[in-house]
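Architecture and fold: a report
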Amino acid sequence: MPRKNRQTKATRTTFNLGGDCFHKKRYTNELIAKRDAEAMQLGSFDLELSVYKCQRCGGWHLTSRQSQ
């Protein structure tokens, strides 16, 4: 079944010009983010999550990529 609220690529690009952290869960501090990441990893042995401080929104997010 197709989505009712389709956005064009141009609309998404315009919306995301300042960064794309709006669709991610935002944590208020690093400790809460780490606890949630650990809980998620317990349920999936092949999942490796890390946390990072977002410079755009000031919150903390989870990522499956290792920071460089």
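Residues numbered from 1 in each chain as written. Predicted model: local features only at pLDDT ≥ 70, side-chain atom pairs only at ≥ 80, totals over all residues. Heavy atoms only, no water.

Regarding the pattern of salt bridges
Enumeration over the complete set of coordinates arrives at two salt bridges. When the shortest N-O distance is used, the salt bridge between lysine 25 and aspartate 36 registers 3.8 Å. A residue pair is termed long-range when its members are at least 10 positions apart, and lysine 25 in the loop between helix 1 (9–15) and helix 2 (30–43) and aspartate 36 in helix 2 qualify at eleven residues. Here lysine 34 ties to glutamate 30 by a salt bridge, and the two come within 3.3 Å at their closest N and O atoms. You can see lysine 34 and its partner glutamate 30 sitting in helix 2, four residues apart, about one turn around the helix. According to the relative accessible area criterion, glutamate 30 is partly exposed, its value standing at 32%. (Salt bridge = Lys/Arg side-chain N within 4 Å of Asp/Glu carboxyl O. Helix = DSSP H or I, 4+ residues; strand = E, 2+ residues; numbered from the N terminus. Buried < 20%, exposed > 50% of the residue type's maximum accessible area, 1.4 Å probe, protein only.)

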